[in-house]
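Reading the structure
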Amino acid sequence: MVRRIILFSLVAFCFQMSFAQEEKSWEKYMMKNGGRSAERPAASSGSVSADRSAPAAGKSYQKYMRPSSSGAAAVRVPRDSAEDPLPQAASQAAVRSPAPVQSTALPPVREYSAPYEEPVRLPEYGYEEDFAGYEMDDVYSQYFDNSFRPVIRLSGGYTEETQFGDYGATDIATAEFDARLFKVEDFLNTCFDMWIFADGMYFVDNPGMDAIPDGLIAAGVDFGVWWRFINGFSLEFRVAPGIYSDVVEPQFSIPTTANLYYVLLPSLSIQLGATARWGWDMEVMPNVSFLWQPHDFLRVLGGVPYSRIDLFPGHILSFFGTFEWRNTTYALEDSDVLPDEVHFDEMLVSVGATICFMGRTEVSAEAGTYLKREISADVAEDSTVDLSEENFFRITLGSRF
């Protein structure tokens, strides 16, 4: 027991003497450096301590730092110039590199652009406040808002050697003209327009029939009024008073039309109506069709009495195909030779191309054939005569100014 106490006392005395000797060495080191406060160098060569006597000079101090070979600390480069803020002895001491500053800035937020949306197009015919709460697609009509009908149109056609049943044959020349006089939109929630039209048929040679005059004409005015509703419905009434007879003794008639339109889709609308022609061979002509335009380059109008397909591959050239059913009654001269009236009924198809100049003026060339042609008159010997199904050619000049 006594041996253990003596041994422990001896170890403690040695440790105290070692510590006292180290303190004396540090005091000498401090006196040698001019009494500056400095941190005691670390014992290990792989790690260094920071020199607390170094001024917090920021960049002027850090520009003398370079990384050590171990990569774990930085050593100040010794300098002899007056710029060195530390003495030569202190510059040789290793110092701890400052800890990297953690950035508190938030990462940039990526901005996503919204997808392109087609601007809403308000119809020209309606008040903006009337459509509050409704989708504009519900009131857009292919029939009224996307019409391809020229404002003025002049057409001429020719058919050779049309055979009139057991009678003779003749060439037939046709001419068509129509022009819009005015159009008023959204006047007291009502729309108006008026057109003039003139269609003529000239028989070059008489086929030997008493019921055939030299020429027939249909000319007059076409006045229309329609209303647009926010639920997609539209209602239209038209009257077309004019001359429907031969050129010798004009006779008047007033065909009257009523049509109902409905928008099924933004690209599809339908029409349901009829035209009443009192005293004609066919007194009621149906008006049933749909108008579909899924793309800018395709437009399809299907129905009776008129159908048409348009292809628009470019702004200048377009192609089209048509089907038309015509049924017209002409009053004739009151004489012992001619009957009181003659009725023409014909169906035809055609294809053609249109060249448009400057977006306003257009020229169309069209070729087609008759599918069915017949005439009838109110005389026993000329009751019904079939006409041969010949080909025809037609050129049309139109403008949208």
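First things first, this report covers the structure right here in the doc. (Residues numbered from 1 in each chain as written. Predicted model: local features only at pLDDT ≥ 70, side-chain atom pairs only at ≥ 80, totals over all residues. Heavy atoms only, no water.)

Some words on the environment of Ile 243
To be explicit about the condition: The helix and strand labels rest on DSSP assignments: H or I over at least four residues marks a helix, E over at least two residues marks a strand, and numbering proceeds from the N terminus. Here the term buried applies to any residue with accessible area under 20% of the maximum for its type, exposed to any over 50%, and partly exposed to those in between, with areas from a 1.4 Å probe on protein chains only. Here a residue-residue contact requires only that any non-hydrogen atoms of the pair lie within 4.5 Å.
Turning to its location among the elements, Ile 243 is positioned in strand S8 (residues 242-246). Looking at Ile 243, the relative accessible area reads 23%, which means it is partly exposed. Along the sequence, Ile 243 and Gly 220 sit 23 residues apart, while their C-alpha atoms lie 6.2 Å from each other. If near-sequence neighbours (up to four positions away) are discounted, Ile 243 is found in contact with Ile 217, Ala 218, Ala 219, Pro 250, Gln 251 and Phe 252.

Describing the pairing of strand S4 (residues 169-187)
Filter applied, for reference: A pair of strands counts as paired when DSSP detects no fewer than two bridges linking them.
Pairing between strand S3 (residues 152-163) and S4: 10 bridges, direction antiparallel. Paired with Leu 154 across the two strands is Phe 177, which belongs to S4. As consecutive antiparallel partners, S3 and S4 are separated by five residues, and within that stretch Gly 165 has a phi angle of approximately 55°, a positive value. Direction of pairing for S4 relative to strand S5 (residues 190-203): antiparallel, over a ladder of 13 bridges. Each bridged residue has a counterpart across the sheet, and for Glu 176 the counterpart in S5 is Asp 199.

Some words on empty space enclosed by the protein
The criterion, for reference: A 1.4 Å probe that fits but cannot get out identifies a cavity on a 1 Å grid over protein atoms alone, an open set with protein on both sides within 12 Å along at least five of seven lines counts as a pocket, and a residue lines either if it has an atom within 4 Å of a point. Grid points are joined across faces, edges and corners, and a volume is the space filled by probe spheres set on the points. Throughout this entry, Asp, Glu, Lys and Arg are counted as charged residues, while Ala, Val, Leu, Ile, Met, Phe, Trp, Tyr, Cys and Pro are counted as nonpolar. The remaining residues, Gly among them, count as polar.
Summed over the entire model, instances satisfying the criterion amount to one cavity of 30 Å³ or more. Its volume calculated, the largest cavity comes out at about 90 Å³. Around the largest cavity sit Gly 157, Tyr 158, Thr 159, Ile 172, Thr 174, Glu 176, Arg 326, Leu 348, Tyr 370, Phe 392, Phe 393 and Arg 394, which together line it. Listed by contribution, the elements that provide at least two residues to the lining of the largest cavity are S3, S4 and strand S19 (391-399). Of the residues that constitute the lining of the largest cavity, the class distribution is six nonpolar, three polar and three charged.

Some details on the pairing of S19
When S3 meets S19, the two strands line up antiparallel, connected through eight bridges. Pairing of Gly 157 across the sheet is with Arg 394, part of S19. Taken together, the nine bridges between strand S17 (residues 361-377) and S19 define a ladder with antiparallel strand orientation. Note that in S19 the partner of Ser 364 across the bridge is Thr 396.

Thoughts on the nonpolar core
Note the following rule: Only buried residues count toward a nonpolar core. Its members are Ala, Val, Leu, Ile, Met, Phe, Trp, Tyr and Cys residues joined through side-chain atoms within 4.5 Å.
One finds Phe 164, Phe 203, Met 209, Leu 216, Val 342, Phe 344 and Ile 375 to be the most contacted residues of the largest nonpolar core, which totals 21 residues. For this core, the secondary-structure elements that each account for two or more residues are S5, strand S6 (215-228), strand S16 (341-357) and S17. For this core, the element with the most residues is S5, which contributes three residues. Setting aside residues no more than four positions away along its own chain, Phe 344 makes contact with Met 201, Phe 203, Leu 216, Arg 326, Asn 327, Thr 328, Tyr 330, Glu 374 and Ile 375. Within the second largest apolar cluster, seven residues are counted, among which are Tyr 143, Cys 191, Leu 291 and Leu 301.

A look at the pattern of salt bridges
This is how the line gets drawn: Any carboxyl oxygen of Asp or Glu that lies within 4 Å of a side-chain nitrogen of Lys or Arg is treated as forming a salt bridge with it.
In total, this model carries 16 salt bridges according to the counting rule given. Of the charged contacts, one joins Arg 228 and Asp 145 as a salt bridge, the two residues approaching to 3.0 Å between their closest N and O atoms. With Arg 228 in strand S6 and Asp 145 in helix H4 (residues 142-145), the pair connects residues that are 83 residues apart, well separated along the chain. As far as the burial class goes, Arg 228 and Asp 145 line up, both buried. As a salt-bridge pair, Asp 345 and Lys 372 come within 3.9 Å of each other at their nearest N and O atoms. Separated by 27 residues along the polypeptide, Asp 345 in strand S16 and Lys 372 in strand S17 bring together distant segments of the chain. What makes Asp 345 buried here is its relative accessible area of 10%. Residue classification places Lys 372 among the partly exposed residues on the basis of a relative accessible area of 36%.

A few points about unusual backbone geometry
In this model, Val 304 is joined to Pro 305 through a cis peptide bond whose omega is 10°. When you line up the elements, Pro 305 lands in the loop between strand S13 (298-304) and strand S14 (306-311). A positive phi is found at Glu 161, a non-glycine position, where the angle reads about 50°. On the secondary structure map, Glu 161 appears in strand S3. For Asn 189, which is not glycine, the phi torsion reads 65° and is therefore positive. With respect to the element layout, Asn 189 can be found in the loop between S4 and S5. The partly exposed category is assigned to Asn 189, whose relative accessible area is 46%.

Digging into the packing of aromatic side chains
To keep things clear, this is the line we draw: To pair, rings of Phe, Tyr and Trp, with the six-membered ring standing in for Trp, must have centres within 6.5 Å; the planes then decide the type, stacked if under 30 degrees apart, edge-to-face if over 60, and tilted in the middle.
The tally for this structure, following the rule as stated, stands at 13 aromatic pairs. With 6.2 Å between their ring centres and 25° between their planes, Phe 203 and Phe 344 make a pair best called stacked. On the criterion of sequence distance, the pair formed by Phe 203 in strand S5 and Phe 344 in strand S16 is long-range, its members being 141 residues apart. We note that Phe 203, like Phe 344, is buried. Aromatic side chains Trp 227 and Phe 237 sit 6.2 Å apart centroid to centroid with 75° between the ring planes, which places their arrangement in the edge-to-face category. Here the residue Trp 227 occupies a position in strand S6, and Phe 237 occupies one in strand S7 (residues 233-239), the gap between them amounting to 10 residues. Judged by relative accessible area, which is 29%, Trp 227 ranks as partly exposed. Since its relative accessible area comes to 38%, Phe 237 is described here as partly exposed. An aromatic cluster of at least three residues, connected via ring pairs, comprises Tyr 143, Phe 144, Trp 226 and Tyr 261.

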